[in-house]
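Given next are the chains, with one letter for each unit.
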Amino acid sequence: MRVELPVGAFIAAFLVLVPLPWHWRARNVPTLSIIIWLFFCNLSSAINTIIWAGNVKIVAPVWCDIVTKLQIGATMALPACCLCLCIRLERISAIREANATACKRRQRVFFDLFMCWGLPAIHMALHYIVQGHRFDIVEDFGCRASIYSSVQALLLVWILPLLTSFLTLVYAAFALVHFFRRRISFSKHLQESASALTASRYLRLMAMAIIQMFWGVLLISINIWFTCKNGLRPWTGWADIHFNFSRIGLFPTIIIPEYVVHWTSFIWWTIPISSLLFFAFFSFGEEAMKEYRACWRAFKRIFTRRKSSTKENSIVISLGNVNGMERTNTPTIVLELKSQLTPRSEAETISAFSSYSDCLPSLGHHAV
């Protein structure tokens, strides 16, 4: 078993969730969608490597049906999410967002939802056209989507995400041009746009989208090259392409050429790497560090309060168990004990008690 595969995927799935509360507060649909897609892709990849470690047994066919469609959807979803993000950043930098009405904002949310979720669903459905059989199982890596290598497969599976990535880079270029033109008064423009963004957050979002798109264009281009390097198969008709569709391809590593195994491993690691890039951009900013420190202070206050409460309870119990003392005298002794508390210790107790309510909102008030 390749232990590094599930460990790496589980770590990436956890790290990508770290910025989730901040983006949830900002109701940023594209970044929330990126988080959800990356989380489920990492989680499914980790489970795959555990189930099919050292074997190619057909043990969970329905699971593979779901996971392979998720893989195809993610190919389109991540470029589409970055496109929505760059469109929004371009609108903010061009000051069109400042004059947006409530109706326009709702339309923008619906557009983002369609691009981040509706378009990948359509992409999953179109994959069936070039799906030669049910799916493949590769030893140590698990389920892989089946694609009939043809011109139609290039157009439906790879070219659409590639065009989306190029369109994302175009909007990113426009956004950067607007930003540099208005860089002096840009903070004022962000406030007028009713956005939770600051100039630093804006630049981080822009940098993340651009780097993710360059990374995505590189991966899609390599996939196209790998698909075409042995030549494309002719399209011989729907019935012939989907003949014996329920077949499941089984590929033990012993029969796979070594370079193909290395290539499969590289493709597998692209999702954890994308997750780490996302985490790096949104989890080490100035605002994120402030939230970490606030959460740590709240945790220490809660721990101090619990420790003080435990100590006071132990004193009360010991007083109630004094030899020769009646139970009815215990409340009087407790009252006397409380009346002897110094003002400072009582204030500390009240402060520690009230600090519990600070824990929930302490994750932050702004999202990137």
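Structure first, text after, so check above.
Residues numbered from 1 in each chain as written. Predicted model: local features only at pLDDT ≥ 70, side-chain atom pairs only at ≥ 80, totals over all residues. Heavy atoms only, no water.

1. Regarding the sheet that holds strand β1 (residues 135-138)
Overall, mixed pairing links the three strands, which are arranged β2-β1-β3 in an open sheet. The open sheet has two edge strands with one neighbour each: β2 (142-144) and β3 (248-251). Taking the axes of each pair of neighbouring strands and ignoring which way they run, one obtains an average angle of 25° across the sheet. Note: β1 against β3, four bridges, orientation parallel. When the bridges of β3 are listed, Asp136 appears paired with Gly249. (Pairing = 2+ DSSP bridges. Helix = DSSP H or I, 4+ residues; strand = E, 2+ residues; numbered from the N terminus. Axes fitted to C-alpha atoms, helices over the stretch in contact; angles between N-to-C directions.)

2. So, the packing of aromatic side chains
Enumeration over the complete set of coordinates arrives at nine aromatic pairs. Here the aromatic cluster, defined as three or more aromatic residues joined through ring pairs, consists of Trp225, Phe226, Trp263 and Phe266. If you follow Lys229 out to its NZ or CZ, it ends over the ring of Phe226, 5.3 Å from the centre. (Phe/Tyr/Trp six-rings, centres within 6.5 Å; stacked < 30°, edge-to-face > 60°. Lys NZ or Arg CZ within 6 Å of the ring centre and 35° of its normal.)

3. Some remarks on the state of the cysteines
Using the criterion set out here, one finds one disulfide in the structure. Each sulfur in the disulfide pair Cys64 and Cys143 lies 1.9 Å from the other. On the S-S bond that ties Cys64 to Cys143, the torsion sits near -50°, and the link is left-handed. Of this pair, Cys64 sits in helix α4 (residues 61-93) while Cys143 sits in strand β2; the two residues are 79 residues apart in sequence, bridging distant segments of the chain. Residue classification places Cys64 among the buried residues on the basis of a relative accessible area of 0%. With no disulfide of its own, Cys84 lies closest to Cys116 among cysteine sulfurs, the gap being 4.1 Å. By relative accessible area, Cys84 is classed as buried at 1%. Cys116 carries a free sulfur, and the closest cysteine sulfur to it, the one in Cys81, is 3.5 Å from it. (Disulfide = S-S within 2.5 Å. Buried < 20%, exposed > 50% of the residue type's maximum accessible area, 1.4 Å probe, protein only.)

4. Notes on the packing of α4 against helix α6 (residues 151-181)
Between α4 and α6, whose axes approach to 8 Å, the crossing angle comes to 20°. In this view, α4 runs roughly parallel relative to α6, as classed from their interaxial angle. Along this stretch, α4 crosses α6, giving a crossing that reads as left-handed. (Parallel < 35°, antiparallel > 145°, perpendicular 65-115°, else oblique. Left-handed = near helix turned anticlockwise from the far one by under 90°.)

5. Brief notes about unusual backbone geometry
Glycine aside, the phi torsion of most residues is negative, and most peptide linkages are trans. For Asp140, which is not glycine, the phi dihedral falls at a positive 80°. Checked against the element boundaries, Asp140 lands in the loop between β1 and β2. Positioned with a positive phi, Asn244 is a non-glycine residue whose angle comes to about 55°.

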